[in-house]
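# Notes for the structure review
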Amino acid sequence: MKPLTPDPLPEGIEEALPKQARMLEAYRRQLLDCFEGWGYALVSPPLVEFRDALVTGEDALDRQTFRLTDPLSGRTLGVRTDITPQVARIDRQQMPQDQVVRLCYAGSVLRAHPEILGGGRNPIQVGAELYGHEGTQSDAEIILLLCAALRTAGCARWCLDMGHAGVFRALVEQTDWTVQECDELFELIQRKAHADLGAWLDARPANAPAVEMIRMLPDLSGPDEEVLDRAAQGMEGAREQIQPALETLRAVAAQVRNVYPEVQLHFDLGEASGFHYESGLVFAAYMEGQGQEIARGGRYGAQGERPATGFSLDLRTLARCGSLDAGERRRIYAAAEEGPALQDAIAELRVQGHTVVCGLGPEDSAERSRCPEQLVNEDGAWVVRPAAS
């Protein structure tokens, strides 16, 4: 018989062994309990849906989506790469549209490509979404909820990077550039590639004031609201369009500082990730010493659609950054014996939250079951004692 050899997992696909799985579950429970305390109801969308429902016209989602054929309907299915569109569908189809709706979720997603070099392709996505309200109060609530979740997870110090998709969008709308050109421009601004950005702009005729204001975007970044003051002064020609965005950033920043004065705030008006679908305030959370963001969110939806804002994070990334104490349950061994008194003792210990591992035969022992304690019979009563070494 051919000896069994372990099959490697596909590149970027991760699994969790007992200790890590227990830790991840502890984080998941703490976060969902936190969300519930703020009024966010848990939903659990399916792992697969019809591809058209999952992709919703987004090229980035389409490129990340695994496809398969449904043998019952013959239609193309997709494995979810992001739970946010599914929760939006639940709100749109199942929830009252004349009310504010708060929903949260936790589940695995699958992506065709890692989002960062060397990253995983099956994150455990956890997040919260607020539907039906448009304004700074809901923007502030979702950011404050993120801060509460990070504190719940034992994160000590983090930075919030805040921007507004409305600034970039207001400027490019004054040009006649194509969607592809806007994507190229946005990528240059994100890299803060001043020379490349300048050459790109010089090669394209467009509204001159808008071009000069776009040149400013990579430099409109910093830890103080002075960034917003410089934007208001330097973008005088677009004041009417960008003023609401600046006011939103000021108002939300004030509320965050009031509740979490220890959180570092950073403003970046060139930040408008997902500007095709995000329509307002955008934000990301970073831990000190970690280059990778641990959470991202913002307001999204086209004009005229139901207002929505929310955030999501990868549970594995959070577990690497947090310091949540999952605790260790007592492990107690019970020999392979029968009798109502022993079974009652086992049941009582499990009710108390302890782990009781029952032996399956005379060859089993507390040591083999990794139990430092065991049940022993003393004068007819079953009691817990240290396992014999």
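Shown above is the structure to which this text applies.
Predicted model, so just to flag it, every value in this text is computed and none were measured. (Residues numbered from 1 in each chain as written. Predicted model: local features only at pLDDT ≥ 70, side-chain atom pairs only at ≥ 80, totals over all residues. Heavy atoms only, no water.)

### As for the sheet that holds strand E3 (residues 66-69)
Our working rule: DSSP bridges decide pairing: two strands pair if at least two such bridges lie between them. Segments assigned H or I by DSSP are reported as helices when at least four residues long, segments assigned E as strands when at least two residues long, and all are numbered from the N terminus. In this description, a line fitted to the C-alpha atoms serves as the axis of each element, helices being fitted only across the stretch in contact, and the angle between N-to-C directions of two axes falls anywhere from 0 to 180 degrees.
Spatial strand order, E2-E4-E3: three strands in an open sheet with antiparallel pairing. With one partner strand each, in any of the chains shown, strand E2 (48-50) and E3 form the two edges of the open sheet. Neighbour-to-neighbour, the strand axes of this sheet turn through a mean angle of 35°, independent of strand direction. Judged from the four bridges that link them, E3 and strand E4 (residues 76-79) form a sheet pairing that is antiparallel. Counted as the bridge partner of Thr69 is Thr76 from E4.

### Topic: helix H4 (residues 84-94)
Convention followed: Buried means the residue's accessible area, taken with a 1.4 Å probe over protein chains only, is under 20% of the maximum for its type, while exposed means over 50%, and partly exposed covers the values in between. In this analysis, two residues are considered to be in contact whenever any of their non-hydrogen atoms come within 4.5 Å of each other.
The element H4 is largely enclosed, with a buried count of eight among its eleven residues. Listed in full, the buried residues belonging to H4 are Thr84, Pro85, Gln86, Val87, Ala88, Arg89, Ile90 and Asp91. Of the surrounding secondary structure, the elements contacted by the buried residues of H4 are E2, helix H2 (51-55), helix H3 (59-64), strand E5 (101-108), strand E6 (124-131) and strand E11 (295-300).

### Remarks on the packing of aromatic side chains
As a reminder, the rule being used: Between 30 and 60 degrees the pair is tilted, below 30 it is stacked and above 60 it is edge-to-face, where a pair is any two Phe, Tyr or Trp rings, Trp via its six-membered ring, whose centres lie within 6.5 Å. Charge-over-ring contacts are defined here by two conditions on Lys NZ or Arg CZ: a distance within 6 Å of the ring centre and an angle within 35 degrees of the ring normal.
Under the counting rule described, the total for this entry stands at three aromatic pairs. Their ring planes at 70° and their centres at 5.6 Å tell us that Phe168 and Phe186 sit as a pair that is edge-to-face. Remark: Phe186 occurs in helix H7 (residues 179-191) and Phe168 occurs in helix H6 (residues 165-172); sequence separation between them is 18 residues. A relative accessible area of 12% means that Phe186 is categorised as buried. With a centroid separation of 5.1 Å and 80° between ring planes, the pair formed by Trp177 and Trp200 is classed as edge-to-face. Within this pair, whereas Trp177 is found in the loop between H6 and H7, its partner Trp200 is found in helix H8 (residues 194-202), the two being separated by 23 residues in sequence. When its relative accessible area of 9% is taken as the criterion, Trp177 is described as buried. Residue Trp200 is classed as buried on the basis of its relative accessible area of 9%. Residue placement shows Arg75 over the ring face of Phe50; its charged tip is 3.7 Å from the ring centre.

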